[in-house]
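# Residue-level structural notes
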Amino acid sequence: MRVLVVEDEEFLAEMIAEGLRRDAIAADVAHDGREALAKLRLGAYDVLVLDRDLPGLHGDEVCRHVVQQQLLTRVLMLTASGTVSDRVDGLGLGADDYLTKPFAYAELLARVLALGRRARPALPPVIEQAGVTVDTARRLAVRDGRQLALSRKEFGVLEVLLRAQGAVVSGDDLIEEVWEEHTSYRTNAVRVTLSKLRAKLGEPPVIETVPGAGYRMSGGARTDSGQPMSDGQRTGDEG
């Protein structure tokens, strides 16, 4: 899941973003309405956590942009005003949910996760393939009954590959889904994370490198000869 946090109070914005990142959610930050629009034009976000009273361009205008452009992004509007009329106005603009400041982070996280599920095609919270099971709600990953101690990025990559249901996922797509902005595939972040993830998954290998295309989950990645792929074959570059 990818979230854009738009909040002019920089400390609060970073606190929210860091909390989301700790929960394996890629989170970017903007501090005014115009910066938010620029980021929305450049990247696809599942959820927009949007302060209503923004400098430069009001949060209401940012919300209208999301609706007018028919973006799939779900909007969670934040405001210091909790009156019924304000909530009605915010929802009337097209916001999907409304949260009054001050709020508990646990509640914000629950609302973000709920909106994120609505932003994507409905998929079960528990995904299984080739003996690998991911429980997205409890953030648990298991292979053949063995619980895996995964980092946030490793868990995110594994979840994206499992959700692809055997389809190839490019390195750029993994960056878009799992990492924050300003991360490039050329940084080797994906390759390093995949190498560590493969080591933790163990044998036989289940993440296959498709040269020139990306990566995919398989029933046990093997060469055309039917033999398990070597470490060199599995960790080779896309291109």
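In the block above lies the structure referred to throughout.
Remember, it's a predicted structure, so these values are computed and weren't measured experimentally.

## Thoughts on empty space enclosed by the protein
It is the rolling of a water-molecule-sized probe over the atoms that shows where space remains empty. Going through the model one piece at a time under the given rule, you end up with one cavity of 30 Å³ or more. Of the volumes computed, that of the largest cavity is approximately 30 Å³. R143, R198, L201, G202, P205, V206 and I207 are the residues that line the largest cavity. Split by residue class, the lining of the largest cavity holds four nonpolar, one polar and two charged.

## Side note on unusual backbone geometry
With the exception of glycine, most residues fall at negative phi, and the peptide bonds are largely trans. Each neighbour pair has its own omega, and for K101 with P102 the value is -10°, a cis peptide bond. Structurally, the position occupied by P102 is in the loop between β5 (97-100) and α5 (105-119). Cis geometry marks the peptide bond from E203 to P204, where omega comes out at -10°. Structurally, P204 is set in the loop between α8 (189-201) and β10 (207-210). Despite not being glycine, D144 has its phi angle at roughly 50°, a positive value.

## Things to note about the sheet that holds β5
Taking strand neighbours across the sheet as the criterion, the five strands line up as β2-β1-β3-β4-β5 in an open arrangement whose pairing is parallel. Where the open sheet ends on each side, the last strands, each with one partner, are β2 (26-30) and β5. Between one strand axis and the next, the sheet turns through 20° on average, direction left out of account. When strand β1 (residues 2-6) meets strand β3 (residues 47-51), the two strands line up parallel, connected through four bridges. Paired with V6 across the two strands is L50, which belongs to β3.

## Let's talk about the sheet that holds strand β8 (residues 140-143)
Across the sheet, which stays open at both edges, the four strands sit in the order β6-β7-β8-β9 with antiparallel pairing between neighbours. Whereas interior strands pair on both sides, the edge strands pair on one side only; in this sheet they are β6 (126-129) and β9 (146-147).

## Brief notes about helix α7 (residues 171-178)
Residues G171, L174, I175 and V178 constitute the buried set of α7. The buried residues of α7 occupy an angular sector of 100° when the element is viewed end-on, so they sit on one face. Each element contacted by the buried residues of α7 is listed here: β1, β2, α6 (152-163), α8 and β11 (214-217).

## Brief notes about the side chain of T209
Tracing the backbone shows T209 in strand β10. Look at T209 and you get buried, because its relative accessible area is 6%.

## Section: a negative patch on the surface
On the surface, a cluster of negative charge is made up of D8, E9, E10, E14 and D53. Here E10 is to be found in helix α1 (residues 10-22).

## Concerning α1
Between its first and last C-alpha, α1 extends 18 Å over 13 residues, near the 18 Å set by a 1.5 Å rise per residue. Along α1, the residues classified as buried are L12, A13, I16, A17, G19, L20 and R21. Following α1 by one or two positions, A24 has its phi on the positive side, about 65°.

## Thoughts on the environment of D32
Along the chain, D32 turns up in the loop between β2 and α2 (33-42). Since its relative accessible area comes to 25%, D32 is described here as partly exposed. The residues touching D32, leaving out its near neighbours within four places in the chain, are V6, L54 and P55. At a separation of 3.0 Å, a polar atom in the side chain of D32 contacts the main-chain amide nitrogen of R34.

## Quick look at the packing of α6 against α8
Relative orientation of the contacting elements α6 and α8 amounts to 80°, with a least axis distance of 9 Å. Judged by the inter-axis angle, α6 sits roughly perpendicular to α8. For the pair α6 and α8, contact is made by K153, E154, V157, L158 and L161 and by T193, L194, K196, L197, K200 and L201, respectively. Among the residues making up the contact of α6 with α8, the classes are represented as six nonpolar, one polar and four charged.

## Thoughts on the pairing of strand β7 (residues 132-135)
Where β6 lies against β7, four bridges are found, and the strand directions are antiparallel. By the bridge assignment for β7, V126 is matched with D135. Linking two consecutive strands that pair antiparallel, namely β6 and β7, is a turn of two residues; a positive phi of about 55° is found at A130 within it. Alignment of β7 against β8, held across four bridges, turns out to be antiparallel. Its bridge partner lying in β8, T133 is registered against V142. Connecting β7 to the antiparallel partner β8 that follows it, the hairpin turn spans four residues, and R139 within it adopts a positive phi of roughly 55°.

About the cut-offs
Residues numbered from 1 in each chain as written. Predicted model: local features only at pLDDT ≥ 70, side-chain atom pairs only at ≥ 80, totals over all residues. Heavy atoms only, no water. 1 Å grid on protein atoms, 1.4 Å probe; cavity = no way out; pocket = protein on both sides within 12 Å on 5 of 7 lines; lining within 4 Å. Points joined across faces, edges and corners; volume = space filled by probe spheres on them. Nonpolar A, V, L, I, M, F, W, Y, C, P; charged D, E, K, R; others polar. Helix = DSSP H or I, 4+ residues; strand = E, 2+ residues; numbered from the N terminus. Pairing = 2+ DSSP bridges. Axes fitted to C-alpha atoms, helices over the stretch in contact; angles between N-to-C directions. Buried < 20%, exposed > 50% of the residue type's maximum accessible area, 1.4 Å probe, protein only. Arc of directions from axis to C-beta. Contact = heavy atoms within 4.5 Å. Patch = residues over 30% accessible without salt bridge, like charges linked within 9 Å, V, L, I, M, F, W, Y side chains within 5 Å. Areas by Shrake-Rupley, 256 points an atom, 1.4 Å probe, with all protein chains shown as cover. Salt bridge = Lys/Arg side-chain N within 4 Å of Asp/Glu carboxyl O. Lys, Arg positive; Asp, Glu negative; His and termini not counted. Charge placed at Lys NZ, Arg CZ, Asp CG, Glu CD. Expected span 1.5 Å × (residues − 1). Polar contact = N/O pair within 3.5 Å; in protein donor to acceptor, adjacent residues only side chain to side chain. Parallel < 35°, antiparallel > 145°, perpendicular 65-115°, else oblique.

By themselves these figures say nothing about function.
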